[in-house]
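# Per-entry structural report
One letter stands for each residue in the lines below.
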Amino acid sequence: MDWLAVSGAVLAVTVASFVRGLTGFGFAIVATPLLALVYPPAVAVPIATLLQIPSGLPTVLRDWDDTNFRAAAIAWIGGMPALIPGVFFLGVLPADVMRLIVGGVVVFSTVALALGRKLNRDPKSYELVGAGALSGLMQGAVAMAGPPIILLILSSSWTAARCRATLSFIFLLLGTASLVFGTIHGIVNRESLMIAAVTVPGLLLGQMVGTHFFVRIDAKRYRAVSTVCVAMAGLLVVVRGLLSLL
């Protein structure tokens, strides 16, 4: 095992877990591109997929009472069928092409959210299904389910606590399903399991520190920090893909 690369993976997971603890989402959006700096995408994606469950479960249990289970279930129903073509694209399309596609979608969506108006209402069922489907496709392809459903939920009239809790539950559901599909298709292997296990201490530390800061920010600042985290991750994915294509 390359311990220099493993050290980079631990750092990447710690940073991503901090974002996850702070916002309730964003672990894979941050972890996948950072892990891809030290490991090939074929290794980075399953590591991020494996860690989504232990990164999300504490938040889900702690924020259970704030979760909108109906909205989460509708988004999950929309995302489940899309996981299959997402896994297929992961095996067919070049990884750097997928990075550019996903990064472009993330950046465009973030700009749209920043420039657009808030919904100031609950998300409608068809909006949850559509955002869930796009998130499922991205989860299967690059282990980054976040942007579509994040942007929809953050534009709602919900409190920061409800946004955080519901997003955590959606990503736990999609991440678990993606792990099952990835194992069936042989994407999750012994190497990814070993690396994921070594990074668990960093995951726990980042989660603890992020949660500590979450309770100290107001709803307006929460949405601003969350949006910036998504935008930075999207830009990082785009840059990484462009550098690899040069």
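Residues numbered from 1 in each chain as written. Predicted model: local features only at pLDDT ≥ 70, side-chain atom pairs only at ≥ 80, totals over all residues. Heavy atoms only, no water.

### Details of a nonpolar patch on the surface
Defined as follows: Only residues whose relative accessible area exceeds 30% and that form no salt bridge are eligible for patches; like-charged ones are grouped when within 9 Å, while nonpolar side chains (Val, Leu, Ile, Met, Phe, Trp, Tyr) are grouped when within 5 Å. Accessible surface is estimated by sampling points in the Shrake-Rupley manner with a 1.4 Å probe; for residues, cover comes only from the protein chains shown. Salt-bridge detection follows one rule: a side-chain nitrogen of Lys or Arg within 4 Å of a carboxyl oxygen of Asp or Glu. Helix and strand definitions here come from DSSP, where helices need a minimum of 4 consecutive H or I residues and strands a minimum of 2 consecutive E residues; each element is numbered from the N-terminal end. Exposure is judged per residue with a 1.4 Å probe applied to protein chains only, and the accessible area is read against the type maximum: over 50% gives exposed, under 20% gives buried, and values in between give partly exposed.
A contiguous nonpolar surface patch, about 490 Å² in accessible area, is contributed by Phe88, Phe89, Val92, Leu93, Val97 and Ile101. Counting residues per element, the nonpolar patch draws most heavily on helix α4 (residues 69-92), at 3 residues. Its location among the elements puts Ile101 in helix α5 (residues 95-115). Exposure remark for Ile101: the relative accessible area of 44% places this residue in the partly exposed category.

### What about the pattern of salt bridges?
Applying the stated criterion across every chain yields a total of 2 salt bridges. The partner of Asp63 in a salt bridge is Arg164, with the nearest N and O atoms 2.5 Å apart. Of the two residues, Asp63 sits in the loop between α3 (41-62) and α4 while Arg164 sits in helix α8 (residues 160-184), which places them 101 residues apart along the sequence. Of the two residues, Asp63 and Arg164, neither departs from the other in class, the shared state being buried. Glu127 is the partner of Arg121 in a salt bridge, and the nearest nitrogen-oxygen pair spans 2.9 Å.

### Considering the packing of aromatic side chains
Rules: Paired rings are identified among Phe, Tyr and Trp, the last through its six-membered ring, by centres lying within 6.5 Å, and are further divided according to the angle between planes into stacked (under 30 degrees), edge-to-face (over 60) and tilted (the rest).
If you walk through the whole model with that rule in mind, you get 3 aromatic pairs. For the pair Phe69 and Phe169, a centre-to-centre distance of 5.2 Å together with 85° between the ring planes defines the contact as edge-to-face. Of this pair, Phe69 sits in helix α4 while Phe169 is found in helix α8, placing the two residues 100 residues apart along the sequence. Exposure remark for Phe69: the relative accessible area of 32% places this residue in the partly exposed category. By way of ring pairs, the aromatic residues Trp64, Phe69 and Phe169 are connected into one cluster.

### A word on the nonpolar core
As a reminder of what qualifies: Buried Ala, Val, Leu, Ile, Met, Phe, Trp, Tyr and Cys residues form a nonpolar core when they are joined through side-chain atoms within 4.5 Å. Residue contacts are defined here by distance: any two heavy atoms, one from each residue, within 4.5 Å place the two residues in contact.
Counting residues in hydrophobic clusters, the biggest one holds 27 residues, and the most contacted among them are Val13, Phe27, Leu35, Tyr39, Ile47, Leu51 and Ile195. If you list the elements that add at least two residues to this core, you get α1 (3-23), α2 (27-35), α3 and α9 (190-198). Those residues in contact with Val13 that lie beyond four places of it in its chain are Phe27, Leu35, Leu51, Thr199, Gly202 and Leu203. Trp158, Leu167, Ile170 and Leu172 belong to the second largest nonpolar core, which has 24 residues in total.

### Considerations on the side chain of Ser192
In this structure, Ser192 sits in helix α9. Ser192 gets classed as buried once you look at its relative accessible area, which sits at 0%. If we ignore the near neighbours within four places in the chain, the residues touching Ser192 are Val43, Pro46, Ile47 and Leu50.

### Some thoughts on the environment of Leu83
Locating Leu83 in the fold gives a position in helix α4. A relative accessible area of 0% means that Leu83 is categorised as buried. Separated by 55 residues in the primary sequence, Leu83 and Met138 have C-alpha atoms spaced 7.7 Å apart.

### Regarding the side chain of Ser55
Rule in force here: Polar contact is defined as a pair of N or O atoms within 3.5 Å, subject to the rule that within protein one atom must be able to donate a hydrogen and the other to accept it, and that residues adjacent in sequence are counted only when both atoms are side-chain atoms.
Residue position: Ser55 is located in helix α3. We classify Ser55 as buried; its relative accessible area is 1%. In this structure the side chain of Ser55 is engaged in a polar contact, spanning 2.9 Å, whose partner is the backbone oxygen of Gln52. Apart from residues lying up to four places away in sequence, Ser55 is in contact with Arg20, Phe27, Leu203 and Gln207.

### Re the UniProt feature "transmembrane region" (unreviewed entry) in the chain
Basically, it comes down to this: UniProt positions are given in the numbering used here, feature names are shortened, and annotations may be inferred rather than shown by experiment.
With numbering aligned to this structure, UniProt lists the feature "transmembrane region" (unreviewed entry) at residues 6-27, 34-53, 73-93, 100-116, 128-154, 166-188, 194-215 and 222-243. Taken as a whole, residues 34-53 contains 75% helix and 0% strand, while its terminal C-alpha atoms sit 18 Å from one another. Counted over residues 166-188, helix gives 83% and strand 0%. Its end C-alpha atoms are 27 Å apart.

### Things to note about the environment of Ser125
Within the secondary structure, Ser125 sits in helix α6 (residues 125-142). When the C-alpha atoms of Ser125 and Ala75 are compared, they prove to be 8.2 Å apart, with 50 residues separating the residues in sequence. Apart from the residues within four sequence positions on either side, Ser125 is in contact with Arg70 and Ile74.

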